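What the coordinates show
Chain by chain, the residues run as shown.
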Amino acid sequence: MSLRLGDIAPNFKVMTTEGEIDFYEYLGDGWGVLFSHPADYTPVCTTELGKTALLKMEFGIRNVKVLALSVDPLDKHMGWRNDINETQHCTVDFPIIADVDKVVANLYGMIHPNASETFTVRSLFIIGPDKKIKLTLTYPASTGRNFVEVLRVIDSLQLTAVYSVATPADWKHGEDVIVVPAVSTEDAMKKFDKGVKVIKPYLRYTPQPNID
Ligand code: BEZ
């Protein structure tokens, strides 16, 4: 059975390009992004890992640790990492899991046999400090993911974990957010001192509460 939102992300110990890692220890009490790609030395994957490395500061600001995975062996990862750094003008210094025995791939349901019997698809999991799965994404091999979108979701998850708000379609950090239905308009007016705009009784906006 596949992992679903709210499930506990299983722990594992694996060999990576940064040495042996215990997943939970690596995450500490922060957030995590675990993502798989089909294979090393492939073009789309090269751009994905490069983009992730270039966004290192953005993940860091949000207290997010990143971890990539494919079923290729460690020596292949090491050689390919040099190519990524060279062609994408970056430094990949997050771990890439060498999941040759497919232990993690099977734990996380990253192999979709009707897409490929042998390779992982482009799975991505966002994991919260409580080790619960907050988002799952599955993309086909032919389509590279949008890692800026991953950051946008993390912004929404981190905000909505603390405030009684949700984020509307295409929301970006700094834009107005939605008061959740569980909060009455009367309570919302007290809770959100920047004001509440009522469009419909169920559609109420307030400025993002955690910024000045
Ligand atoms: C790629 O990363 O470019 C790729 C990998 C597997 C199939 C198709 C493309």
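Since the model is a prediction, treat every value here as computed from it, not as a measurement. (Residues numbered from 1 in each chain as written. Predicted model: local features only at pLDDT ≥ 70, side-chain atom pairs only at ≥ 80, totals over all residues. Heavy atoms only, no water.)

1. Describing the packing of helix 2 (residues 43–54) against helix 4 (residues 74–88)
Put simply, helix 2 and helix 4 touch, their axes get as near as 9 Å, and they point 70 degrees apart. The pairing of helix 2 with helix 4 is recorded here as roughly perpendicular in orientation. On the side of helix 2, the interface is formed by C45, T46, T47, L49, G50 and L54, while helix 4 contributes W80, I84, T87 and Q88. Here the residues of the contact of helix 2 with helix 4 sort into five nonpolar, five polar and no charged. (Axes fitted to C-alpha atoms, helices over the stretch in contact; angles between N-to-C directions. Helix = DSSP H or I, 4+ residues; strand = E, 2+ residues; numbered from the N terminus. Parallel < 35°, antiparallel > 145°, perpendicular 65-115°, else oblique. Contact = heavy atoms within 4.5 Å. Nonpolar A, V, L, I, M, F, W, Y, C, P; charged D, E, K, R; others polar.)

2. Brief notes about the pairing of strand 3 (residues 31–36)
With six of six residues buried, strand 3 is to be regarded as a mostly interior element. Taking every second residue as pointing to the same face, both faces of strand 3 are buried, with W31, V33 and F35 on one and G32, L34 and S36 on the other. Relative to strand 6 (residues 122–127), strand 3 is paired through four bridges, and the arrangement is antiparallel. Bridge pairing in strand 6 places V33 opposite I126. (Buried < 20%, exposed > 50% of the residue type's maximum accessible area, 1.4 Å probe, protein only. Pairing = 2+ DSSP bridges.)

3. Side note on the site of the ligand
Residues in close proximity to the ligand include P38, T42, P43, V44, C45, R122 and A141, which together make up its full environment. Separating an oxygen atom of the ligand from a side-chain N or O atom of T42 is a distance of 3.0 Å. Separating an oxygen atom of the ligand from a backbone N or O atom of C45 is a distance of 2.8 Å. Protein burial of the ligand: of its 260 Å² of free accessible surface, 70% is covered by the chains. It is helix 2 that provides the largest number of residues to the shell around the ligand, a total of three residues. For the shell around the ligand, a count of residues per class yields five nonpolar, one polar and one charged. (Near = heavy atom within 4 Å. Polar contact = N/O pair within 3.5 Å; in protein donor to acceptor, adjacent residues only side chain to side chain. Areas by Shrake-Rupley, 256 points an atom, 1.4 Å probe, with all protein chains shown as cover.)

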